[in-house]
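Each chain, letter by letter, is given below.
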Amino acid sequence: MKKLILTLTLVSLLTVSLGGAAFAQSRQEPLSQTSAETVQGSVPAQADASQVMYPAVHALVMAMTENHLDYDPEDPEFLWTSLYYMLSLYGQMDQRAEFTDDTLLLPGEVIQDYAAALYPDVSSLPDIPSPISQRISQAGNGIYRLARGDEGLSQVTVEPPIYLAEGTVVMNGALVALEDNSVLRKFQVTLLPRDCMFGFIITDLTFSD
């Protein structure tokens, strides 16, 4: 049930860029929806940080774990690997996307919308480095071509956000094996509010193991 609510929340979130969205109130509460008028680059006030930032957190945890990366937003390989994970897992929900069975085509504005949750300066993204260029590349006319990904055999869970002074938000979470629900890794992610589609930017992610 929680996964269904989360999926509906993400679909609603990704509709924000087109002018309107409906959000599930909470992963812990009964499924219901409320409408909210929004503009591109904004998130309804009732949106919870753990809901709207789940795609970014999920992608970052998986990218760092599967590719043995340290948190380093200044490293082009770190940036494009984590951004590829976010786009390949959630870009197909964006109404601006075109896709086939194994390929996803996204305009440059989508790349910047998603990168804004992960990277401080989306106006000057670095070139795509060779280690990740086989999975994401520019196809011309401002279009990016991606190999579509999947969630694999694990899932990311997050606890309710902790709102601190000056807008800082901290969330604890875990990477959990689907087979037996065992915890593979625990992590803590730090967010700051940002005027972008997802409403926040990740400023740090650390693993406790």
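Residues numbered from 1 in each chain as written. Predicted model: local features only at pLDDT ≥ 70, side-chain atom pairs only at ≥ 80, totals over all residues. Heavy atoms only, no water.

Engineer: What is the right way to read the overall build of the protein chain from this model?
Structural biologist: Counting its secondary structure elements, the protein chain contains six helices and eleven strands. Intrachain contacts of the protein chain at a sequence separation of at least 6 include 54% that bridge at least 24 residues. Summed over its atoms, the accessible surface of the protein chain is roughly 10,200 Å², and 49% of this surface lies on carbon and sulfur atoms. (Helix = DSSP H or I, 4+ residues; strand = E, 2+ residues; numbered from the N terminus. Contact = heavy atoms within 4.5 Å. Areas by Shrake-Rupley, 256 points an atom, 1.4 Å probe, with all protein chains shown as cover.)

Engineer: Got a minute to help me understand the packing of aromatic side chains in this structure?
Structural biologist: Two descriptors summarise a pair of aromatic rings, namely the distance from one centre to the other and the angle between the planes of the rings. Under the defined criterion, the tally for this structure stands at five aromatic pairs. With a centroid separation of 6.1 Å and an interplanar angle of 25 degrees, the aromatic rings of Trp-80 and Tyr-144 are classed as stacked. You can see Trp-80 sitting in helix H4 (residues 76–90) and its partner Tyr-144 sitting in strand S6 (residues 143–147), a full 64 residues away along the chain. Its relative accessible area of 1% is what places Trp-80 among the buried residues. With 6.0 Å between their ring centres and 90 degrees between their planes, Tyr-84 and Tyr-85 make a pair best called edge-to-face. Lying across the ring of Phe-207, Arg-185 places its NZ or CZ 3.6 Å from the centre. (Phe/Tyr/Trp six-rings, centres within 6.5 Å; stacked < 30°, edge-to-face > 60°. Buried < 20%, exposed > 50% of the residue type's maximum accessible area, 1.4 Å probe, protein only. Lys NZ or Arg CZ within 6 Å of the ring centre and 35° of its normal.)

Engineer: Help me understand the sheet that holds strand S4 (residues 103–107), please; the structure alone is not making it clear to me.
Structural biologist: The strands making up a sheet associate through hydrogen bonds between their backbones, and the pairing can be parallel or antiparallel. Spatially, four strands are ordered S3-S4-S6-S5 in an open sheet, and the strand pairing comes out antiparallel. Where the open sheet ends on each side, the last strands, each with one partner, are strand S3 (98–99) and strand S5 (136–140). Inspection of the sheet shows S4 paired to S6 by five bridges, in the antiparallel sense. Bridge pairing in S6 links Leu-105 to Arg-145. Along the sheet face, H4 touches S4, S5 and S6 and points at about 80 degrees away from the line of S6. Packing of helix H5 (residues 108–115) onto the sheet brings it into contact with S4 and S6, and relative to S4 it is tilted by some 90 degrees. (Pairing = 2+ DSSP bridges. Axes fitted to C-alpha atoms, helices over the stretch in contact; angles between N-to-C directions.)

Engineer: Just checking my understanding: could you explain the pattern of salt bridges for this structure?
Structural biologist: Side-chain pairs of opposite charge can arise whenever the charged atoms involved come near each other. Evaluation of the coordinates by the stated rule reveals three salt bridges. For Asp-94, the salt bridge goes to Arg-96, with nearest N and O atoms at 2.9 Å. Since its relative accessible area comes to 2%, Asp-94 is described here as buried. We classify Arg-96 as buried; its relative accessible area is 14%. One network of salt bridges, with partners in common, ties together Asp-94, Arg-96, Glu-109 and Asp-113. (Salt bridge = Lys/Arg side-chain N within 4 Å of Asp/Glu carboxyl O.)

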